[in-house]
Amino acid sequence: MKTPVLLCVLLFSQSWAFEFVIDGEWESETSGPSGQYHHSERYRRSVLTSEEEEDFEAIQGNDITVKSYKVESRITSRFAHTTVKSSVVNSGANAQSIGFNVQIPKRAFINNFTMNVNGITFVGSVKEKTVARNLYAQARARGKAAGIVRTNSQAMETFRTEVHVPPGSKVEFELHYQEMMQRKLGVYQHTLHLQPGRLVPLLQVDVYIFEPKGIKFVTASNTLGEHLSELTKITHTKEKAHIVFKPTLQQQRKCENCTESSVDGEFTVNYDVERESNAGELQVSDGHFVQFFAPSDLSPLSKNIVFVIDVSGSMWGLKMKQTVEAMKAILDDLSMDDYFSIIDFNHNVRCWNEDLVQASSIQANEAKKYIQSIKPNGGTNINEALLRAVQMLVRASNQGLTDPRSVSMIILVSDGDPTVGEIKLNTIQKNVKRVMREEFSLYSLGIGFDVDFDFLERIAMDNRGIAQRINANHDAAEQLKTFYSQVSSPLLRTISIHFPENAVNNVTQNRFDKFFHGSELIVAGKLQPSDFTTLQSITTASAANMDLNIQTEADIHGLDSVLSTHQHSFTGFARQMWAYITVNQLLAERSLASTANKKRRITQRIMALAVEHQFVTPFTAMLVEGHDQGRAERLIADSPRDSRHGCCSATVPLSGPQTVKQLLYSKPPWIQPTNAPTQEASGKLESTAITIVENDPHFIIHLPKSNMDICFNIDSKPGHILNLISDPGTGVTINGQLVGSKKMKNNKIDTYFGTISIYSKTHGVQAVVGTNRIDLMEGRNNHSFSWGATAELVLNRMRVTIVKEAHVTVTVDGKISVMVLLHRVWKKHPIQVDFLGIYMSNANKYSTQVHGLIGQFAKEPEVKLYGVHEGADPKKKEATMEVKGNKLAVTRGWQKDYRRDKKRGSDVYCWFIHNSGKGFIDGSYTSYILPQLDSFLTSI
């Protein structure tokens, strides 16, 4: 922890000259040209304790009047720009110091600070720290005038400024900082600390949210007391939200006649965004792009977990009690598909079980009894405990105990530094790194502030994990359980997000080891100059028994046009988000750099980016300059030495090269006709060469030997499931469920196919295609996708290709293929509903046992057609057809093929059989009605 820095500005009424006093020091380097420290020993203070932090006040001083205190956050596409403003008057009779203090998230970057003192304005600009120091020294100032102080808070740090002014002086402070919202457990959380320390005539908080794809929900809460909880107002439209908190002077009072303010706590806004599909959201703005990826509706991967728990003497009491309580809840949360074991360590290392065991209720209960019996004592042997945990995972993998697609992780819980065995932190880190496999991850939880959290964070990042500090209080169990919840449901492995090489550059990390339910992966970059109007991304990943290949597309210019029309949006969000992610990833990379040269190179890149994008980082400082009567005055806003901003929880790159499979979907020739259908001429009939089911529902059966198309309708009821293909030989059944029109037309409810199921009993997989989504199922695994993105999915022997808002092609074992075409109708149409069309190739390879409304014609019946003559309708000829021993009166007509034109379709000429195909199909159509979407025909 760095010695905190309190920085002051003294303004003397006689000369209006500034004098600076430093309280603290710069990273063991000289702060003046003489090479001597200035007052660093004299003004050094101790680190703030939690008790001191409770007395935090945003505005400090005696006999001062705070005219206003305003906080405004503009959140655009998960990137927040927050401004804190305050206007203060020295209403006392003497000169005094006025302090302006702001608590900001540790993962935020300060990017501007201005201060106006009696008309003299100080404006901030970020420079390399050495440059800022030199300029500052040239002004012969004796200290810094603004600074950041690390506190004992888990997630916050404090910006402090102090200015000494004569009586009657007016001071205006304004601080800006930026941060990227992190999604955890399905929520983005934006927290503001409101602690003005006194009553304020104008106290106001405004949070503006703009999300182009829509806001799913937005809520606001605070810890300011019940009487203030009802004062928040939320205005929420599809894309925008405005949250206002504006208590009056009377409402701020602790009691009716109190002079103390009750506004002392956190104001929190929670929200999430709408997601059309599992493809994610690609946004392009200001020459930059951002890809958000947060799929849901996927079955979780199974887990293999080794819990490594510190039971040294320092864990005695509350820490151990809270750890045991959390572990009991965590063990209850494990599923039967998970495997686990527990290692506890002090100066010795013990295993509850030498091997991973299945997480049955019996084993979980035994493990609970074990951890409840632990009595903390002795030293801390972290090195051996972690090596033992890795060996356990390696052994389970080598023995084939774990699913190759499962996720293996070690969760370390410790409250102190190693004292037994190997105690050198760098050596421990190298030892663990050497034995860890690429598919394993390490998560570190540090309890309290005695632990070397920097070490826990480095060893976690070095092994594809994250670290988190746990406050050692009565809430520790909840903190532990919350952290586990974030990693308890892995949905994807080996995720890669790629873009055309000739379209983008400077792409941030785009390969990720895991994706957990409720989180989000973000990739950003710059656009290369081009004539492209759209940008595409390809995302590949592995889910439970399924491989994904998903395509996303975005208009390059559309979002900028939208942003320009919104008053409170942050138009530079994409540019700043790219820089924010890049700087944080470089900070994480620097902390793991093995040599001084590597660290220097990374530091240079960080400084260049931070200066360009005005971020105060551990390697840059904000030079705050003011001008009075032609004389420049300079102040410094400096960041602490600690480079950990907590951004990069999901940005640890995969090691080694990875092959990227591009989504190059080629349509089978039967899906897209090469020539438009032609009308019949000279008695020669145009053939579809495929079988079609369209509209309400019209069947078009192609008979290749006769070069003839036969049509019939099925007049059934909404909800009925009709069998199309039932093939016990290949184990495939294809069924369709009917949906009805919104109301009757000509005293009749029209029916359409609203759901199509393709089920392979042999491989145990099923695809259910509906008008809203596509579900893929295998055993207990259930994955859901929308029509909103192009994707290719492989689940066992079933390949599913989704073309955005167009069609789905399902192929089973490379032998049986069906295309389902999506028909969208106007949502407010008084009668029609969305429905599906079905297209099947005559080249499908069925067994001899195949049947069904379509399947029975795989063995083509002999058809004779004669007696063609003019009908009642001159456009429709009539004839007699002999088929299956029946003589049928048929009518010449046409139906629609929508493969080429989804709106108008192409005419397909066919002979129409009346009465729901009676005489042409085997038996009655009612024989093809089944109870379930995965049912096979039993008999006809």
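Values in this document were obtained by computation on a predicted structure and should not be read as measured data.

Section: the overall build of the protein chain
Next, step 1: When helices and strands are counted, the protein chain shows 14 helices and 54 strands.
Next, step 2: Contacts in the protein chain between residues far apart in sequence, at least 24 positions, make up 67% of those at least 6 positions apart.
Next, step 3: Within the structure as shown, the protein chain displays about 39,200 Å² of accessible surface, and the carbon and sulfur contribution to it stands at 47%.

Some words on the state of the cysteines
Next, step 1: Evaluation of the coordinates by the stated rule reveals two disulfides.
Next, step 2: Paired through a disulfide, cysteine 255 and cysteine 258 show a sulfur-sulfur distance of 1.7 Å. Measuring handedness by torsion sign, the sulfur bridge of cysteine 255 and cysteine 258 sits at about 95 degrees and is right-handed.
Next, step 3: Paired through a disulfide, cysteine 711 and cysteine 910 show a sulfur-sulfur distance of 1.7 Å. Of note, the bridge from cysteine 711 to cysteine 910 carries an S-S torsion of about -120 degrees and is left-handed in sense. Taken together, the residues cysteine 711 in strand β38 (residues 708-713) and cysteine 910 in strand β53 (residues 906-913) connect sequence positions 199 residues apart.
Next, step 4: Take cysteine 711: its relative accessible area is 1%, and that puts it in the buried class.
Next, step 5: Residue cysteine 910 is classed as buried on the basis of its relative accessible area of 1%.
Next, step 6: When the bonded cysteines of the protein chain are counted from the start of the sequence, the pairing works out to 1-2, 3-4.

Observations regarding the sheet that holds strand β18 (residues 265-273)
Sheet strands line up and pair through hydrogen bonds in the backbone, either parallel or antiparallel.
Next, step 1: The sheet built from four strands is open, its strands ordered β12-β13-β18-β15 with antiparallel pairing. Of all the strands in the sheet, the pair left with one neighbour each is β12 (183-184) and β15 (215-222).
Next, step 2: In terms of strand pairing, strand β13 (residues 187-194) meets β18 through seven bridges, oriented antiparallel. Paired with glutamine 189 across the two strands is asparagine 270, which belongs to β18.

With respect to the pairing of strand β7 (residues 109-117)
Next, step 1: In terms of burial, β7 is a largely internal element, seven of the nine residues being buried.
Next, step 2: One ladder, built from eight bridges, connects β7 with strand β11 (residues 170-180); its direction is antiparallel. In the strand pairing of β11, phenylalanine 109 is matched with glutamine 178.
Next, step 3: As paired elements, β7 and strand β8 (residues 120-128) share four bridges and run antiparallel to each other. Along β8, the bridge assignment pairs threonine 114 with valine 123.
Next, step 4: Here β7 folds back onto β8, and the loop between the two strands holds two residues, one of which, asparagine 118, carries a positive phi near 50 degrees.

What to know about the packing of helix α7 (residues 382-398) against helix α8 (residues 425-435)
Next, step 1: Orientation of α7 relative to α8, taken along the N-to-C sense of each, is 5 degrees, at an axis distance of 10 Å. Classified by the angle between their axes, α7 and α8 sit roughly parallel to one another. In this structure, α7 uses Asn383, Leu386, Leu387 and Val390 to contact α8, whose residues at the interface are Ile428, Asn431, Val432 and Val435.
Next, step 2: Its residues assigned to classes, the contact of α7 with α8 shows six nonpolar, two polar and no charged.

Remarks on the pattern of salt bridges
Next, step 1: One pass over the full model with this rule turns up 33 salt bridges.
Next, step 2: Linking aspartate 355 and arginine 395 is a salt bridge whose minimum nitrogen-to-oxygen distance equals 2.8 Å. You can see aspartate 355 sitting in the loop between β23 (349-351) and β24 (357-358) and its partner arginine 395 sitting in helix α7, a full 40 residues away along the chain.
Next, step 3: Judged by relative accessible area, which is 31%, aspartate 355 ranks as partly exposed.
Next, step 4: For the salt bridge of aspartate 834 with arginine 824, the shortest nitrogen-to-oxygen distance reads 3.0 Å. With aspartate 834 in the loop between β48 (816-823) and β49 (835-841) and arginine 824 in the loop between β48 and β49, the pair connects residues that are ten residues apart, well separated along the chain.
Next, step 5: The exposure class of arginine 824 is partly exposed, given its relative accessible area of 38%.
Next, step 6: Members of the salt-bridge network, linked through shared partners, are Arg78, Arg183, Glu211, Asp272, Arg275, Glu281 and Glu520.

Regarding helix α13 (residues 596-613)
Since the α-helix turns once every 3.6 residues, residues separated by three or four places project in the same direction.
Next, step 1: The terminal C-alpha atoms of α13, which comprises 18 residues, lie 26 Å apart, in line with the 26 Å expected from a rise of 1.5 Å per residue.
Next, step 2: Following α13 by one or two positions, glutamine 614 has its phi on the positive side, about 60 degrees.

Re the packing of aromatic side chains
Next, step 1: Summed over the entire model, instances satisfying the criterion amount to 20 aromatic pairs.
Next, step 2: A network of ring pairs unites the aromatic residues Phe79, Phe109, Phe570, Tyr580 and Phe615 as a single cluster.
Next, step 3: In this structure, arginine 78 is placed above the aromatic ring of phenylalanine 292, and the distance from its NZ or CZ to the ring centre is 3.8 Å.
Next, step 4: Sitting over the face of the ring of tryptophan 894, lysine 876 holds its NZ or CZ atom 5.9 Å from the ring centroid.

Points about the side chain of asparagine 844
Next, step 1: The topology assignment puts asparagine 844 in the loop between β49 and β50 (863-870).
Next, step 2: Among the polar contacts made by the side chain of asparagine 844, one reaches the side chain of tyrosine 846 at a distance of 3.0 Å.
Next, step 3: Setting aside residues up to four positions removed in sequence, asparagine 844 forms contacts with Lys815, Ile816 and Ser817.

Looking at helix α5 (residues 318-333)
Next, step 1: With 16 residues, α5 extends 23 Å from end C-alpha to end C-alpha; this agrees with the ideal 22 Å at 1.5 Å per step.
Next, step 2: Those residues of α5 that fall on the buried side of the exposure criterion are Lys319, Met320, Gln322, Thr323, Val324, Ala326, Met327, Ile330 and Leu331.
Next, step 3: In this structure, the buried residues of α5 make contact with β21 (303-310), β22 (339-345), α6 (361-372), β25 (407-414), β26 (440-447) and α10 (476-487).

Looking at the side chain of threonine 76
Next, step 1: Mapped onto the elements of the fold, threonine 76 is located in strand β4 (residues 64-76).
Next, step 2: On the basis of relative accessibility, which here comes to 0%, the residue threonine 76 falls in the buried class.
Next, step 3: Residue contacts for threonine 76: discarding those within four places in its chain leaves Phe210, Leu563, Ser569, Phe570 and Phe573.

Looking at unusual backbone geometry
Next, step 1: Phi at threonine 494 is positive, roughly 45 degrees, even though this residue is not glycine.
Next, step 2: As for its placement among the helices and strands, threonine 494 is situated in strand β28 (residues 490-498).

Considering the nonpolar core
Next, step 1: Membership of the largest hydrophobic core comes to 87 residues, with the highest contact counts inside it found for Leu492, Ile734 and Phe920.
Next, step 2: Apart from residues lying up to four places away in sequence, phenylalanine 920 is in contact with Ile701, Ile710, Phe712, Gln856, Phe857, Val883, Lys884, Leu888 and Ile913.
Next, step 3: Counting residues in hydrophobic clusters, the runner-up holds 53 residues, among them Ile75, Val163, Met181 and Leu194.

A word on the sheet that holds strand β20 (residues 288-293)
Next, step 1: The strand order across the open sheet formed by four strands is β19-β20-β31-β29, and the pairing between neighbours is antiparallel. Both edges of this open sheet fall to β19 (281-285) and β29 (504-505), since each of them pairs with a single strand only.
Next, step 2: Bridge count between β29 and strand β31 (residues 521-527): two bridges; the pairing is antiparallel. Its bridge partner being in β31, asparagine 505 is matched across the sheet by lysine 526.

Here's the deal with a positive patch on the surface
Next, step 1: A surface patch of like charges, here positive, comprises Lys213, Lys238, Lys804 and Lys827.
Next, step 2: Looking at the element boundaries, lysine 827 is found in the loop between β48 and β49.

Things to note about the environment of glutamate 239
Next, step 1: For glutamate 239, the position within the fold is in the loop between β16 (233-236) and β17 (240-245).
Next, step 2: The spacing of glutamate 239 and lysine 216 is 23 residues in sequence and 9.0 Å in space, taken between C-alpha atoms.
Next, step 3: Residues within four places of glutamate 239 in sequence aside, it is in contact with Ile209, Phe210, Glu211, Pro212, Gly214, Ile215 and His566.

Some points on the packing of α5 against α6
Two quantities define a packed helix pair, namely the angle between the axes and the distance from one axis to the other.
Next, step 1: Relative orientation of the contacting elements α5 and α6 amounts to 175 degrees, with a least axis distance of 10 Å. It follows from the interaxial angle that α5 and α6 lie roughly antiparallel. Only Ala364, Ala367, Lys368, Ile371 and Gln372 of α6 make contact with α5, whose side of the interface consists of Val324, Met327, Lys328, Leu331 and Asp332.
Next, step 2: Here the contact of α5 with α6 is composed, by residue class, of six nonpolar, one polar and three charged.

Parameters and conventions
Residues numbered from 1 in each chain as written. Predicted model: local features only at pLDDT ≥ 70, side-chain atom pairs only at ≥ 80, totals over all residues. Heavy atoms only, no water. Helix = DSSP H or I, 4+ residues; strand = E, 2+ residues; numbered from the N terminus. Contact = heavy atoms within 4.5 Å. Areas by Shrake-Rupley, 256 points an atom, 1.4 Å probe, with all protein chains shown as cover. Disulfide = S-S within 2.5 Å. Buried < 20%, exposed > 50% of the residue type's maximum accessible area, 1.4 Å probe, protein only. Pairing = 2+ DSSP bridges. Axes fitted to C-alpha atoms, helices over the stretch in contact; angles between N-to-C directions. Parallel < 35°, antiparallel > 145°, perpendicular 65-115°, else oblique. Nonpolar A, V, L, I, M, F, W, Y, C, P; charged D, E, K, R; others polar. Salt bridge = Lys/Arg side-chain N within 4 Å of Asp/Glu carboxyl O. Expected span 1.5 Å × (residues − 1). Phe/Tyr/Trp six-rings, centres within 6.5 Å; stacked < 30°, edge-to-face > 60°. Lys NZ or Arg CZ within 6 Å of the ring centre and 35° of its normal. Polar contact = N/O pair within 3.5 Å; in protein donor to acceptor, adjacent residues only side chain to side chain. Core = buried A, V, L, I, M, F, W, Y, C linked by side-chain atoms within 4.5 Å. Patch = residues over 30% accessible without salt bridge, like charges linked within 9 Å, V, L, I, M, F, W, Y side chains within 5 Å. Lys, Arg positive; Asp, Glu negative; His and termini not counted. Charge placed at Lys NZ, Arg CZ, Asp CG, Glu CD.

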